[in-house]
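# An overview of the molecular structure
Next come the chains, spelled out residue by residue.
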Amino acid sequence: MKTFSESHKTVFVVDHCPYMAESCRQNVDFDMLTKNRTQGIIPLAPISKSLWTCAVEASMEYCRIMYDIFPFKKLVNFIVSDSCSRILNSWTHEDQNLAELMSALATIGPPNPRADPECCSILHGLVAAVEALCKITDYQHEMRTTLMENADCVANRGRIICLTNAKSDSHVQMLEDCVSETIHEHNKLAAGSDHLMQIQKCELVLIHTYPVGEDSLVSDRSKKELSSVLTSEVHSVRSGRHLATKLNHLVQLHFDLASTTITNIPMKPTLNVCDQEEQHANTSANYDVELLHHKEAHVDFIKSGDGHVGNSREPTLKETVTLKWCTPRTNSVELHYCIGAFRISPVDVNSRPSSCLTNFLLNGRSVLLEQPRKSGSKVISHMLSSHGGEIFLHVLSSSRSILEDPPSISEGCGGRVTDYRITDFGEFMRENRLMPFLETCYKMDGAEDVPLERAKSQLEKHTRYWPMIISQTTIFNMQAVVPLASVIVKETLTEDDVLNCQKTIYNLVEMERKNDPLPISTAGTRGKGPKRDEQYRIMWNELETLVRAHINSSDKHQRVMECLMQCRSKPPEEEERKKRGRKREDKEDKSDKAAKEHEHDKKWTESERMKTSVDREKEDLAEAEVIKDSPDSPEPPNKKPHVAVEDVTPVEKAKGPMSLLSLWSTRINTANSRKHQEFIGRLNSINNKAELYQHLKEENGSDAVENGKTGRQ
């Protein structure tokens, strides 16, 4: 269906009843000549606009922005309602301009506060708005003429914006019911007419405006669907600048507009931006100008995450994107690679900065705009330039040009990602090729589903779990998993398929038992990557994800899943094997512990024995000292008994358990002692005491022994 959106037709219905002549109670200073005033002159009192004036100004601003950005195919029909409805213009292109509307409004004049309020009603304007929506516009007529016999495919949609002062919520509901009934009646009339079109969709926007300082009698309500044709929303807004802000926000919502604020605009004589006001100024200042345009000018800009969003005058209503004035200005003769151009409209068209910027651009100058960045080089993303008396916001290409060679798949949306499964994807496409299939063929076969639907179903099964990057998968990089991965995606499995899947799982269990390495990618990780146990845990988790994605296909898929879970939960023989391994390790630990304890006890006994011998030696030395003090005592022996250092443990170190250093030293000394022949005297000694000159007794008799000397080693 060739659909015209709701923004194609917009009908403004403004209440012209006596109560709209009431003051909005927002004062405006009329006497602005506060300087150089002659003494004695009383300043003029401030004035306030009426509700009617505020409603007309806000609606005209709505139309101005719409005409600036969409000079074609976006139409407005203006209706004033009091004792009757007064249509100020038509759908023709000649009537679609502000001059025509302002001239008609001047003819109407302000509402008469002394008129009979009983004779005035906003209902007359709402009925006339529905009649206007049923009329065919030139664009709709052109489309119907082009389609000829398919003229019914052209849809008719529109929007009604009603500005009034409602009495209560029940009054608003009465207005909605009136519009709904009127649409139903006029659709019946349009069904039998060649000059009218039925309304397929209508949006009713009711704006209740009231003086500043009063309480609203109408509550806000978001968009609500009243019928299949009509939707309604209610806005309760204070008059004055609040109403103007609300209409500015609505025009952005209705026509998909976005806001851009141009910052750091230099206003000085050298720029010739505003010669008349700055020609005598000695200083310069920077100004900001807010522009409205279609939101497509910021699609790529907002996706990139650059720029500052939210710096707006009314943060609760709309957001704006900030762009910075780039000082090297350019002329229109310079070429720039643009990927889009969108008409703009200043938000505050009468302000001095907006007027100066508009005149500057209309004189044939172009301005480059850059994204404000805290660091790095500046990025020029947009350009302001005029063409044929209209100002456009050009979107410059700040990325790769589409005129260059197309990038490879590894340089696509993934950015720096280069390890795509390109080969596997080619195989995937070969397995899922579409072939032409005649409709009569599958009907003759008795198939219930269409081949295209079967193809979609197969494609969905094959892509339930299909990683695109090599580093994000383990099982698809293993040749051992290929039999299971190629079979599990089938809609039905045979017994052989189930056996192959189970065999694959058992092979993976055997690989884990042998501790075989897995193709785990270590890109982007520090060190050697995960340990072997962690690698197998990752592999089993991924395999479970693949099988679980197809678990509901059939009972045989469920059997494969059960086999996988049994193997993951460690079978009994594996547990028994690990238990045996643990028992063997416990036995080895116990034997090592017993050997260490035995060696420790042995060393402890030797240390005690050495302690006893050393104590005895000290006693003998004490006796020798006593004998030496006597004048008849013989000379003491010249040599002390020699004791092997490595076999004597100091007394102070023999107390308590031995340290690790003592155990290690004992082990080294024992190993070294085996490398040379032991002294025969030490081998035949008793308690580490060896008797010297043993053969003297045998040769010289007992006298020689008595007069001999004995020693200890």
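Read on for a plain summary of the structure.

Rules behind the numbers
- Here the residue index of a chain counts from 1 through its sequence in written order.
- Two thresholds apply to this predicted model, a pLDDT of at least 70 for residue-level local features and 80 or more for giving and counting side-chain atom pairs, whereas whole-chain, interface and lining totals are computed over all residues.
- Note: side-chain values were computed over all heavy atoms of the structure, leaving out hydrogens and water.
- The buried label goes to any residue with under 20% of its type's maximum accessible area, the exposed label to any with over 50%, and the partly exposed label to all in between, with areas taken from a 1.4 Å probe on protein chains only.
- Strands are runs of DSSP state E lasting at least 2 residues, helices are runs of H or I lasting at least 4, and numbering of each runs from the N terminus.
- Only strands joined by at least two bridges in the DSSP assignment are considered to pair.
- Residues enter patches when their relative accessible area tops 30% and they take part in no salt bridge; the joining distance is 9 Å for like charges and 5 Å for the nonpolar side chains Val, Leu, Ile, Met, Phe, Trp and Tyr.
- Values of accessible area rely on a 1.4 Å probe in the Shrake-Rupley scheme; residue burial ignores everything except the protein chains shown.
- Salt bridge, as applied in this entry: a Lys or Arg side-chain nitrogen positioned within 4 Å of an Asp or Glu carboxyl oxygen.
- In what follows, a disulfide is any cysteine sulfur pair within 2.5 Å.

### Re the pairing of strand β4 (residues 75-81)
Among the seven residues in β4, seven count as buried, and that is most of the element. Residues L75, N77, I79 and S81 line one face of β4 and the alternating positions V76, F78 and V80 line the opposite face, and both faces are buried. The sheet contact formed by strand β1 (residues 9-15) and β4 spans seven bridges and is parallel. Each bridged residue has a counterpart across the sheet, and for V14 the counterpart in β4 is V80. As defined by bridge partners, β4 adjoins strand β5 (residues 85-87) across three bridges and the pair is classed as antiparallel.

### Observations regarding a nonpolar patch on the surface
A cluster of nonpolar side chains, V28, F30, L44 and I47, forms an exposed patch at the surface whose accessible area comes to about 370 Å². Turning to its location among the elements, L44 is positioned in the loop between β2 (23-28) and β3 (47-50).

### Regarding the pattern of salt bridges
Within the structure shown, the criterion is met by 20 salt bridges. Put simply, E495 and R559 hold a salt bridge, and the shortest N to O gap is 3.1 Å. Linking E495 in helix α14 (residues 495-514) with R559 in helix α16 (residues 555-568), this pair joins segments that are 64 residues apart in sequence. For R559, a relative accessible area of 33% gives the class partly exposed. Between E544 and R548 there is a salt bridge, with the nearest N and O atoms lying 2.7 Å from each other. Residue E544 and its partner R548 are located together in helix α15 (residues 532-548), separated by four residues, close to a single helical turn.

### Looking at the state of the cysteines
Inspection of every chain in the model, using the stated rule, returns zero disulfides. Here C119 stays free of any disulfide, with the sulfur of C120 as its closest cysteine sulfur at 6.5 Å. A relative accessible area of 45% means that C119 is categorised as partly exposed.

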